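# Geometric and topological summary
Next come the chains, spelled out residue by residue.
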Amino acid sequence: MKQWGLALWCTAMAAVFFFFFPLHHSTNRIPTTPLRRNLMDMNINNSSGQFKVRLQRSGGNVVMDNGIVQVTLSTPDGDVVGLSYNGIDNILDTKTEAPNRGYWDAVWNNPNEPINTDRLLGTSFKVIVSTDEQLEISFVKTWSVAVGNKNAPVNVDKRFVLLRGSSGFYTYAVFERLTGCPEIEMDQVRIVFRPQKKMFDYMAVSDSRQRVMPTMDDRNNGDPLQYPEAVLLTNPANEKLRGEVDDKYMYSIEDKDNLLHGWISRNPPTGFWMITPSDEFRVAGPVKQDLTSHAGPITLSMFASTHYAGTDVGMKFAEGEPWKKVFGPVFVYLNSASPKEDYRSLWQDAKQQLATEISKWPYTFPQSEDFPSSAQRGSVAGRLLIRDGSISDRLLRASNAFVGLALPGPVGSWQRESKGYQFWTQADSHGSFLINNVREGVYNLYAFVPGFIGDYKYEGNITIKAGSKIKLDEMVFDPPRQGPTIWEIGIPDRTAAEFYVPDPFPTLMNKLYIDHDDKFRQYGLWERYAAMYPNNDLVFTVGVDNYTQDWFYAHVTRDVGNQTYEATTWEVRFSLQSVNQTANYTLQIALASAADCELQVRLNDKTSSQPAFTTGRIGRDNAIARHGIHGLYWLYSVPFPGTQFLKGNNSMYFTQARSHGPFQGLMYDYVRLEAPPRT
């Protein structure tokens, strides 16, 4: 994930933490808001002698207590069944069965068999450490051949940590497959929390994505739309929500930005937050998208999933393949305010707590030997430059490049890699970068640069050992290019956000995204194509049309009624003053998304039975239906003999040939026609 390099004091709880765990990167002090002062006073009082961290047993449960929060877990299962804070007996939903209030789970299957969900229930419980300052407990699930297919063939050690003076608790898990485990696929690992329905109705995912949310009853009483996650609210308890669409995928976010989300109760003013200070344990790189919080109320921590990517990023294990990975720790943070304060100040406070958690990463308190401290990690620094002779004779700075370490593989393989750890940062304006706190291991270094197509990979493996400080020589990225640009459509940034995103149908909208930068998250935008082009398809004339207004954001099928859909063909018209018939021209096609589609390209002959190029059937990211504006990245460099071009007017035809349903289609990132190479 991006190394934010934050140098922030978090007053209040950070003051207590600082007494026991000195922060190494703190130089600036955040102003103490009334909310932070209230929390600080509470924490200082509760960290006095009588409120040392302690563990109690209560029936079949254990209770972790530091005087601020009390976390109740079932034994030996390891589900969070109760969470008390600030006079609230249980912040979790008591109307939900106890095992479903807070839990880990994994989605898995044997090859070619139905999907199963394993709740990862512990079979043994152990206290790892218990002092006045820290409590860490473990719930272990052990698989054996005797268990068979009842649950996933993986051992899981679920850990929960409570620190003195902390207004929340940490959780992480060590997953391990031993030699001899059978072949399986595992597509999802996550944590689920269900706060009190009657309390928590205001959800916050980012500064600009916050709103009062519908309830599950509102959804159950609404009208289902084209897939079960999307519901039209027809009779909500809150009349202001009537006529809106709710869909959990509307609140997805890229993993590099998925650091903080959660819920607010306005009476009493209380916040329930999921804080993820590092992206190293998630899958498929920094721009992989995933779920956050959604109606329920539900808060998630998604460690691995196939969302916005498909089974390409599922974890596939061969028979006998050993594997171990630590997911987390993440921090479940609770805060509160006085009734006189704006309840939205709880979000601002949670952001300050996020800064504190980032500044402490990697944490020093986890007791598992599989979670290395900062001293057991290493770093990689370097500078990336770009060579593109069609733009400049000089090397260019790879400004704001995304640079990361992931398991060794082919160029660009990081976006489908799911078993190892990934460490990403964003270069500065000069292309210089520093990746800190890298776990020991063997990696490849990968990069991609906004404004340029393609992926970079550093030649050779990079081995990180404890204390490594590797300084690489300047590296040069040669983006794919054969010749100078004749015309281009879009911006090579791996998304379709710059293209024309229509307004939703007035009866199918989410008011949060009206006049919002993320208007692509509205429901049903794919249907707007047929409304705009009921008979003929999109025609784009180079030099006349503007892609921000005239290039539809998704190349989809056309709904012709009676649940029938037809393929669509877009035409790009352009003129050539001269043609070199003895050389090849090159069409660069960068796709931001592909969902069960096939892109065919023809030149100057729309009806030709054989396309000049076809991708074949590609993609399972489903980003069109899930309002994602991008899924996985695809790049094709297509040569065209000069003999196929005409002096004067030409047409390039782009056909999305598969048409069995409304969600088959693709999103373009960028399209460029290049002239033959200069000699």
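Residues numbered from 1 in each chain as written. Predicted model: local features only at pLDDT ≥ 70, side-chain atom pairs only at ≥ 80, totals over all residues. Heavy atoms only, no water.

## So, the UniProt feature "domain: Rhamnogalacturonan lyase" (unreviewed entry) in the chain
Residues annotated by UniProt as "domain: Rhamnogalacturonan lyase" (unreviewed entry) correspond here to residues 399-472 and 485-673. With 5% helix and 41% strand, the stretch residues 485-673 has end C-alpha atoms that lie 6 Å from each other. (UniProt positions renumbered as here; feature names shortened; annotations may be inferred. Helix = DSSP H or I, 4+ residues; strand = E, 2+ residues; numbered from the N terminus.)

## Looking at the layout of surface pockets
In this structure, the second largest pocket occupies an estimated 550 Å³ of space. Lining the second largest pocket are 30 residues, with Glu 254, Lys 256, Asp 257, Thr 495 and His 630 positioned closest to its centre. Among the residues making up the lining of the second largest pocket, the classes are represented as 13 nonpolar, seven polar and 10 charged. (1 Å grid on protein atoms, 1.4 Å probe; cavity = no way out; pocket = protein on both sides within 12 Å on 5 of 7 lines; lining within 4 Å. Points joined across faces, edges and corners; volume = space filled by probe spheres on them. Nonpolar A, V, L, I, M, F, W, Y, C, P; charged D, E, K, R; others polar.)

## With respect to helix H4 (residues 345-359)
If you check H4, its first and last C-alpha atoms are 22 Å apart, about what 15 residues at 1.5 Å a residue would give, namely 21 Å. Burial runs high along H4: 12 of the 15 residues are buried. If you check which residues of H4 are buried, you get Leu 346, Trp 347, Asp 349, Ala 350, Gln 352, Gln 353, Leu 354, Ala 355, Thr 356, Glu 357, Ile 358 and Ser 359. (Expected span 1.5 Å × (residues − 1). Buried < 20%, exposed > 50% of the residue type's maximum accessible area, 1.4 Å probe, protein only.)

## Quick word on the pairing of strand E42 (residues 568-576)
With respect to burial, E42 is a largely interior element, seven of its nine residues being buried. Sheet topology places strand E38 (residues 539-541) next to E42; three bridges connect them, and they run parallel. Directly across from Val 539, in E42, lies its bridge partner Glu 571. Direction of pairing for E42 relative to strand E48 (residues 648-656): antiparallel, over a ladder of nine bridges. Bridged to Arg 573 within E48 is Ser 651. (Pairing = 2+ DSSP bridges.)

## Focus: the sheet that holds strand E4 (residues 61-65)
With respect to topology, four strands assemble into an open sheet ordered E3-E4-E5-E6, the strand pairing being antiparallel. The open sheet has two edge strands, strand E3 (54-58) and strand E6 (80-85), and neither has a second partner. Direction aside, neighbouring strands of the sheet carry axes that sit 20° apart on average. Sheet analysis places E3 next to E4, joined by five bridges and oriented antiparallel. Counted as the bridge partner of Gln 56 is Val 63 from E4. (Axes fitted to C-alpha atoms, helices over the stretch in contact; angles between N-to-C directions.)

## Topic: the sheet that holds E42
Judged by pairing direction, the sheet is mixed, and its five strands sit side by side in the order E38-E42-E48-E44-E45 without closing on themselves. Whereas interior strands pair on both sides, the edge strands pair on one side only; in this sheet they are E38 and strand E45 (613-614).

## Examining the environment of Thr 142
Positionally, Thr 142 belongs in the loop between strand E10 (134-141) and strand E11 (155-163). Placed 14 residues apart in sequence, Thr 142 and Val 156 show a C-alpha to C-alpha distance of 6.7 Å. With residues near it in sequence (within four places) discarded, Thr 142 still touches Thr 123 and Asn 155. (Contact = heavy atoms within 4.5 Å.)

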